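# A structural walkthrough
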Amino acid sequence: MAGKFIALPKGVSEESFAAAVAEFRRVLGQDAVLVTAEQLAPYIKTMMPVPDADHTPSAALLATTVEQIQQIVGICNQYKVPIWTISTGRNFGYGSAAPAERGQVVLDLKRMNRILEVDPDLCFALVEPGVTYKQLYDYIQDHRYPLWLSCPAPSAIAGPTGNTLDRGVGYTPYGEHFLFACGMEVVLATGEVLRTGMGSLPNSNTWQVFKWGYGPYLDGIFTQSNYGIVTKFGFWLMPAPPAFKPFVIQYENEDDIVEIVETIRPLRISGVIPNAVVIAHALYEAPTKAKRSDYMTGPGAIADEAVRQIMKDHKLGAWNVYAALYGTQEQIDVNWKIVTTAFSRSGKAKILTEQEAGDDPAFQYRAALMRGDMTLKEFSLYNWRGGGGSMWFAPVSQARGSETLKQMAMTKRILGKYGLDYAGEFIVGMRDMHHIVDVLYDRTDPAVVKAAYQCFDELLTEFSAEGYGTYRVNTAFMDKVAHTYGPVQRQVHKTLKKALDPNGILAPGKSGIR
Amino acid sequence: MKTIGHNAVVACIVTAGVVIGSYAATAGAAPNEGSGSGFVWKDGAEVYSKVCAYCHEAKVGPTIRGRRLDPLYIRYMVRNGNRAMPAFRAAEIDEEALTKVAEYVSKSEIDRSGGATQ
Ligand SMILES: Cc1cc2nc3c(=O)[nH]c(=O)nc-3n(C[C@H](O)[C@H](O)[C@H](O)COP(=O)(O)OP(=O)(O)OC[C@H]3O[C@@H](n4cnc5c(N)ncnc54)[C@H](O)[C@@H]3O)c2cc1C
């Protein structure tokens, strides 16, 4: 496209945008406002089955202070320029660092990355949005604090603020991250700065220890939303337990998911197993040790016989249940007895600990995740089909065996119709399960890209028809998912949007809200 | 900068009849701030061990050390990504750090251990 910019915000002329860019430069300096194709390239690479052009930003702003952000929203209001905020910008499979809509300006807070406070007594942290888990991990190590993080699988390069704001999950007892969030600072579209909860009170020292404050609880409306720009984020850290025992329980058949969930639910709800358990299908784990091309060539989904062979060759179950016990050795010994008794009942389960599985690459990275260590091993998934295409299909299920089996079968059938493999897992829940499926496809093959798009669309349609909602989705399908939750919720979201951001400058389209 | 918001930034912008007062109305709860400044990369080896190694020493990405890869090619890959390789923004690996890590990877020997630090 001709002109000064590689894309423009919807309804904004080039002259007007150039004026806004000049204003951004006045606030941030020349180098912190990126507009060339070369500078913006890293914001354009996504894994979604839609043209890059649909999500190409017009500019990226590298802000480092709250005052700068306040001025930026002032400029955006004046010129009606929309901004898409990212913190560490590693939202892979959900849209990466690209904006929801073509022409939005990315507000990239990666360089706003101070660790403001880590309290080893009360076990909390307060960080700026650009802090990565790795940075915080190193900080904790350097200070020898006995504290553990809970990270999503892309731990080393993602961060707590962005992950939690998108209501992401990890694998320790603190795995449902938003449950452990405590206090935010938010720049509103007016430029005002809100501190949520106890943070609103002058001289309060309880911002990071008491979540609710006074009056309606507000933190929730700033997650998966476009009502504000979070500039500080508080959350709780887990005290390092004296002992830790990771284990995996393998089952031979896909139908065994019923027994697994029925066995695990009471252990999970009662807290015998305290962490966000993962029930991973063989094809979710296989990429860490097997090559698909050794088992299957040509188009189409992988055959069940091939999966059986992979299981045999690479010591995998059809389902692999990863969980851990935490506490003193005595506590672990007691709980281990309860766990092994429960799982041994039917004689179907194979229970492995570090002793038997410690060298296994899948076990190793799962154990690392369950103690909040850094690993990127799960990116092996992208080598499975190759070509860099991935979307997370993430419906919520009851933690009930029959339900998980039904969701698995539906997903596998629809994926198969489009020639895609079922690489799925069930995670987190006490009463729920996040059913997480990596829809992997070759993004370099246009026919496959088209099939992947249709497949994902059909998954959403069929699941919502059964009453199953998805907890989070990539930016190409946000409107569709918002629609599945019905008109009343959508209208309430819109009403809040109008009240808080009348010019609609903050991330229009996020969660289908404009 | 220790705390924000005590000096009111007042910039009233009048747009289409809407008056938007932008002011730093933070509550006074100043956090007891830890590290004073943000994170800065020390050298190429640090970028490699804290980012690249988690994939390139873990069989997720191909071996890239000891291959005398052209630093320009490495730079291109890091900024643009390619298929399964994610792209990295200047906001996370700045130009200077990128130059250093490209040089580090290009010149490194394959047998030197540069695995992920824990
Ligand atoms: C192999 C693999 C495994 C994965 N495993 C997991 C997993 O276990 N758990 C999981 O949760 N995810 C997982 N993901 C998805 C994703 O990569 C992570 O959730 C990651 O943490 C998100 O990126 P981020 O932390 O950099 O957040 P960001 O990309 O910075 O932010 C995510 C979104 O939150 C909003 N946002 C961010 N910052 C702000 C702000 N300051 N103010 C307002 N809104 C904001 C924006 O909408 C943004 O798009 C996985 C991805 C891959 C490729």
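It should be noted that the structure appears before, not after, this text.
Residues numbered from 1 in each chain as written. Chains lettered and ligands numbered in written order. Predicted model: local features only at pLDDT ≥ 70, side-chain atom pairs only at ≥ 80, totals over all residues. Heavy atoms only, no water.

### As for the nonpolar core
Judged by nonpolar contacts, the single largest core of 106 residues is most densely connected at Leu-136 and Leu-149 of chain A. In terms of residue count, the dominant contributor to this core is helix H1 (residues 44-56) of chain B (7 residues). The contact partners of Leu-149 of chain A, leaving out residues within four places of it in the chain, are Tyr-133, Leu-136, Tyr-137, Ile-140, Thr-172, Leu-237, Arg-371, Gly-372 and Met-374 of chain A. Membership of the second largest hydrophobic core comes to 95 residues, among which are Leu-61, Ile-72, Val-193 and Trp-336 of chain A. (Core = buried A, V, L, I, M, F, W, Y, C linked by side-chain atoms within 4.5 Å. Buried < 20%, exposed > 50% of the residue type's maximum accessible area, 1.4 Å probe, protein only. Helix = DSSP H or I, 4+ residues; strand = E, 2+ residues; numbered from the N terminus. Contact = heavy atoms within 4.5 Å.)

### Here we look at the site of the ligand
All names here are of chain A. What surrounds the ligand is a group of 32 residues, the closest being Ser-87, Thr-88, Arg-90, Tyr-171 and Tyr-382. In the environment of the ligand, an oxygen atom lies 3.4 Å from a nitrogen or oxygen atom belonging to the backbone of Phe-92. Surface burial for the ligand is 97%, taken as the share of its 960 Å² of free accessible area covered by protein chains. The class makeup of the residues in the shell around the ligand is 17 nonpolar, 10 polar and 5 charged. (Near = heavy atom within 4 Å. Polar contact = N/O pair within 3.5 Å; in protein donor to acceptor, adjacent residues only side chain to side chain. Areas by Shrake-Rupley, 256 points an atom, 1.4 Å probe, with all protein chains shown as cover. Nonpolar A, V, L, I, M, F, W, Y, C, P; charged D, E, K, R; others polar.)

### Focus: the packing of helix H2 (residues 71-80) of chain B against helix H3 (residues 95-107) of chain B
All names here are of chain B. For the pair H2 and H3, the least separation of the axes is 9 Å and the interaxial angle reads 125 degrees. On the basis of the axis angle, H2 is oblique to H3. Read as a crossing pair, H2 and H3 show a hand that is right-handed. Counted together, Pro-71, Ile-74, Arg-75, Val-78 and Arg-79 of H2 and Glu-95, Leu-98, Thr-99, Ala-102, Val-105 and Ser-106 of H3 form the full contact between these two elements. The residue makeup of the contact of H2 with H3, split by class, is 6 nonpolar, 2 polar and 3 charged. (Axes fitted to C-alpha atoms, helices over the stretch in contact; angles between N-to-C directions. Parallel < 35°, antiparallel > 145°, perpendicular 65-115°, else oblique. Left-handed = near helix turned anticlockwise from the far one by under 90°.)

### Notes on the layout of surface pockets
Looking at the largest pocket, its volume works out to about 690 Å³. Lining the largest pocket are 31 residues; nearest its centre among them are His-56, Gly-61, Pro-62, Asn-82 and Met-85 of chain B. At the level of secondary structure, the elements contributing two or more residues to the lining of the largest pocket comprise helix H12 (382-385) of chain A together with H1, H2 and H3 of chain B. Broken down by element, the residue count for the lining of the largest pocket peaks at 5 residues, all from H1 of chain B. Split by residue class, the lining of the largest pocket holds 23 nonpolar, 6 polar and 2 charged. In this model, the second largest pocket occupies a volume close to 570 Å³. Lining the second largest pocket are 28 residues, and of these Arg-167, Gln-224, Tyr-471, Gln-489 and Ser-511 of chain A sit closest to its centre. Secondary-structure elements contributing two or more residues to the lining of the second largest pocket are helix H15 (478-484) and helix H16 (487-500) of chain A. By residue class, the composition of the lining of the second largest pocket is 13 nonpolar, 9 polar and 6 charged. (1 Å grid on protein atoms, 1.4 Å probe; cavity = no way out; pocket = protein on both sides within 12 Å on 5 of 7 lines; lining within 4 Å. Points joined across faces, edges and corners; volume = space filled by probe spheres on them.)

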